[in-house]
Amino acid sequence: MVKEIYNIFIWIMVLFVCSAFSENYDTWSYSTNIIINTTASGADVSGDVVNFPLLIRLDASNFDFSQAMSNGYDIRFSKSDMSQHLYYERERWNLTASDSSAEFWVLCDTVFGNNNTQYIKMYWGNTGAADSSEASAVFVTSNNFSAAWHLNEDGNETALDATSANNDGTANSFTTSSDVSGVIGIAREFDGSDDYLQINNDIIKDVLYSGSKKTTLSFWVKADNTQAAKHLIWEGDITGNGWGSAEELHFTFGACPSGTNINDYITLYFGDDGDNTNGGYKVHASEAYSDTVNWHYAAVSVDNSNGSSETAILYVDGVSVDTSTGTVQANFDGWDTNTRIGRPGTNERYFDGILDEVRIANDVRSADWIKLSYESQKTDQSLTEVKQTSAA
């Protein structure tokens with residue numbers, strides 16, 4: 001209860017600061033409107049989504065980088081009526097002779113469903129502006145973010161958590177060339193042999209056992225191998241390697257609905273000792289998946305809150321593809337690996353491929369939230385449009 005009250009207090013303070021934060025945009029040389037289109041011609045999302053990190057991409061086709069500071073410090077965002085500064089994170093600002101591009105995450109209090117008239121404003125062109133990028137004000141813990149890893153660091157460096165929870169991931173066995181092009185700037189390549197990220201907290205256990213008892217996991221993935229079992233996100237017993245030989249929850253390539261490994265699936269498994277041979281106990285949501293060429297967005301929500309059964313809903317590319325309900329017998333006593341990205345408890349079954357934008361939430365994100373995330377982040381998105389530049 002104390003933690004919940006604290007989180008509410010922090011969120012109230014963030015809202016207060018957001019409302020109070022103001023700058024005189026008359027001192028900025030340029031501005032533009034960014035249209036947000038959730039109708040069928042855009043993202044095709046029908047419901048409103050609140051407190052949403054909206055991805056804004058800039059490149060030479062929609063932005064003149066010569067008008068901004070060389071480091072991007074003067075970029076700002078506000079509500080359409082300029083009444084409120086919008087918190088943002090500058091994930092990447094890349095200026096090269098061959099490619100000028102940038103990615104920003106902007107916290108929007110509401111993205112309205114089935115709407116093509118909503119817009120926010122962007123400002124730039126102020127050489128005296130200080131850097132205002134603040135990741136933890138966008139990926140706010142009281143907005144149910146437990147962790148968010150952009151995976152945009154150098155290949156062998158710690159994967160930094162964008163939230164204030166500081167659930168950073170220690171890099172194990174990566175090299176300096178493990179950072180590669182992703183869906184959103186830079187991503188992390190896992191070699192399928194010994195690469196993984198180790199987080200020093202049981203993020204999922206803390207949520208499902210003693211917290212909200214709800215979680216949502218999501219990421220972008222480009223797989224090199226979809227055979228069973230290649231683990232993407234894992235928590236559980238250090239002796240476990242998948243499919244219920246020990247207490248565990250994992251988001252994995254492959255499936256095992258009745259005790260036999262099946263290749264070319266993507267699966268969320270939540271179970272306890274022996275659950276794999278007892279179909280009514282485990283939660284096993286899966287979908288056929290064999291693509292080793294293209295990027296896909298995968299997400300799964302797990303609800304452990306009703307005390308009698310657990311439900312997982314699996315999404316691929318913003319669409320719900322499977323639902324699984326069971327009575328998991330896990331008491332969480334054996335969960336001792338903390339959160340891992342790329343490997344299970346034992347030294348095997350490493351993920352082989354590329355991951356980008358891995359997130360863990362301590363809530364069941366709505367179908368509209370997940371669809372909007374996919375539509376906002378995919379490279380051929382039609383959700384946002386940066387309009388023609390005008391003088392501020």
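Treat the numbers as computed from the prediction; the structure is a model and nothing was measured. Think of each chain on its own: its residues are numbered from 1, step by step along the sequence as written. Since the coordinates come from a predicted model, pLDDT governs what is reported: local features require at least 70, and pairs of side-chain atoms require 80 or more to be given and counted, while whole-chain, interface and lining totals use all residues. Side-chain measures here rest on the full set of heavy atoms in the structure, leaving out hydrogens and waters.

1. Points about the sheet that holds strand β5 (residues 100-111)
Put simply, the rule is: For two strands to count as paired, DSSP must find a minimum of two bridges between them. Where helices and strands are cited, they refer to DSSP runs of H or I of at least four residues and of E of at least two residues respectively, numbered from the N terminus. Whenever a helix is involved, its axis is fitted only over the stretch in contact; in every case the axis is a line through C-alpha atoms, and angles between N-to-C directions fall within 0 to 180 degrees. Contact criterion: two residues are considered in contact whenever any of their non-hydrogen atoms come within 4.5 Å of each other.
The sheet built from three strands is open, its strands ordered β2-β5-β4 with antiparallel pairing. Two strands bound the open sheet, and with one partner strand each, they are β2 (49-59) and β4 (88-95). With direction set aside, neighbouring strand axes in the sheet form an average angle of 15 degrees. Strand direction decides the pairing type here: β2 and β5, joined by ten bridges, are antiparallel. Bridge pairing links Val50 to Thr110 in β5. Each of β2 and β5 is contacted by helix α3 (residues 367-377), which is oriented at about 10 degrees to β2, the strand it contacts most.

2. A closer look at the environment of Ser376
Going by this rule: Burial classes: relative accessible area under 20% of the type maximum marks a residue as buried, over 50% as exposed, and values in between as partly exposed (1.4 Å probe, protein chains only).
Take Ser376: it is sitting in helix α3. Classification of Ser376 by relative accessible area gives buried; the value is 2%. Taking the C-alpha atoms as reference points, Ser376 and Ile56, 320 residues apart in sequence, are found 8.2 Å from one another.

3. Some remarks on the sheet that holds strand β20 (residues 340-341)
Taken together, seven strands build an open sheet; the order of strands is β8-β11-β20-β13-β14-β15-β16 and the sheet is antiparallel. In this open sheet, the two strands that pair with only one neighbour each are β8 (169-172) and β16 (283-288). Inspection of the sheet shows β8 paired to strand β11 (residues 196-199) by four bridges, in the antiparallel sense. Among the inter-strand pairings, Gly169 is bridged to a residue of β11, identified as Ile199. Along the sheet, helix α2 (residues 203-210) contacts β11, β13 (230-236), β14 (248-255) and β15 (262-271); its crossing angle with β13, the most-contacted strand, is approximately 55 degrees.

4. Quick notes on the packing of aromatic side chains
Ring pairs (aromatic) are described by centroid distance and by the angle formed between their planes. Our working rule: Between 30 and 60 degrees the pair is tilted, below 30 it is stacked and above 60 it is edge-to-face, where a pair is any two Phe, Tyr or Trp rings, Trp via its six-membered ring, whose centres lie within 6.5 Å. Charge over a ring is defined by NZ of Lys or CZ of Arg lying within 6 Å of the ring centre and within 35 degrees of the ring normal.
Using the criterion set out here, one finds 29 aromatic pairs in the structure. On the numbers, 4.9 Å between centres and 90 degrees between planes, the contact of Phe63 with Phe65 is edge-to-face. The buried category is assigned to Phe63, whose relative accessible area is 4%. Ring pairs connect the aromatic residues Tyr30, Phe63, Phe65, Phe77, Tyr88, Trp93, Phe104 and Trp124, which therefore count as one cluster. The cationic tip of Arg188 hangs over the ring face of Phe174; the distance from NZ or CZ to the ring centre is 5.0 Å. Taking NZ or CZ as reference, Arg365 lies 4.7 Å from the ring centre of Phe145, over its face.

5. Points about empty space enclosed by the protein
This is how the line gets drawn: A pocket here means an open set of points on a 1 Å grid, computed over the protein atoms alone, that has protein on both sides within 12 Å along at least five of seven lines. A cavity is instead a set of points where a 1.4 Å probe fits but cannot get out; residues with an atom within 4 Å of a point line either one. Grid points are joined across faces, edges and corners, and a volume is the space filled by probe spheres set on the points. For this scheme, ten residues count as nonpolar: Ala, Val, Leu, Ile, Met, Phe, Trp, Tyr, Cys and Pro. Four count as charged, namely Asp, Glu, Lys and Arg, and the remainder, Gly too, count as polar.
Overall, the coordinates contain one cavity of 30 Å³ or more when judged by the stated rule. Empty space within the largest cavity amounts to approximately 90 Å³. Every residue lining the largest cavity is listed: Phe145, Thr216, Ser218, Tyr297, Ala299, Arg359, Ala361, Arg365, Trp369, Ile370 and Ser373. At the level of secondary structure, the elements contributing two or more residues to the lining of the largest cavity comprise β12 (214-223), β17 (296-303), β21 (352-361) and α3. The dominant element in the lining of the largest cavity, judged by the number of residues it contributes, is α3, at three residues. Grouping the amino acids of the lining of the largest cavity by side-chain chemistry returns six nonpolar, three polar and two charged.

6. Considerations on the pattern of salt bridges
Pairs may arise between side chains of opposite charge once their charged atoms sit close together. Just so we agree on the cut-off: Salt bridges are counted wherever a side-chain nitrogen of Lys or Arg sits within 4 Å of a carboxyl oxygen of Asp or Glu.
Taken as a whole, this structure holds nine salt bridges when the rule is applied. The closest approach of N and O atoms between Asp109 and Lys79, which form a salt bridge, is 3.0 Å. One end of the pair, Asp109, is in strand β5; the other, Lys79, is in strand β3 (residues 76-79), and 30 residues separate them in sequence. Classification of Asp109 by relative accessible area gives partly exposed; the value is 31%. Two residues, Glu375 and Lys371, come together in a salt bridge whose shortest N-O distance is 3.2 Å. Here Glu375 pairs with Lys371, and both are found in helix α3, just four residues apart, close to one helical turn.

7. Details of unusual backbone geometry
One can expect most non-glycine residues to show negative phi and most peptide bonds to be in trans. Between Ala228 and the following residue, Ala229, the backbone shows a cis peptide bond with an omega angle of -10 degrees. One non-glycine residue, Arg349, lies in the positive phi region at around 55 degrees. With respect to the helices, strands and loops of the structure, Arg349 is situated in the loop between β20 and β21.

8. Remarks on α3
Since the α-helix advances by 3.6 residues per turn, residues separated by three or four positions end up pointing in the same direction. With nine of its eleven residues buried, α3 lies for the most part within the structure. Of the residues making up α3, those classed as buried are Trp369, Ile370, Lys371, Leu372, Ser373, Tyr374, Glu375, Ser376 and Gln377.

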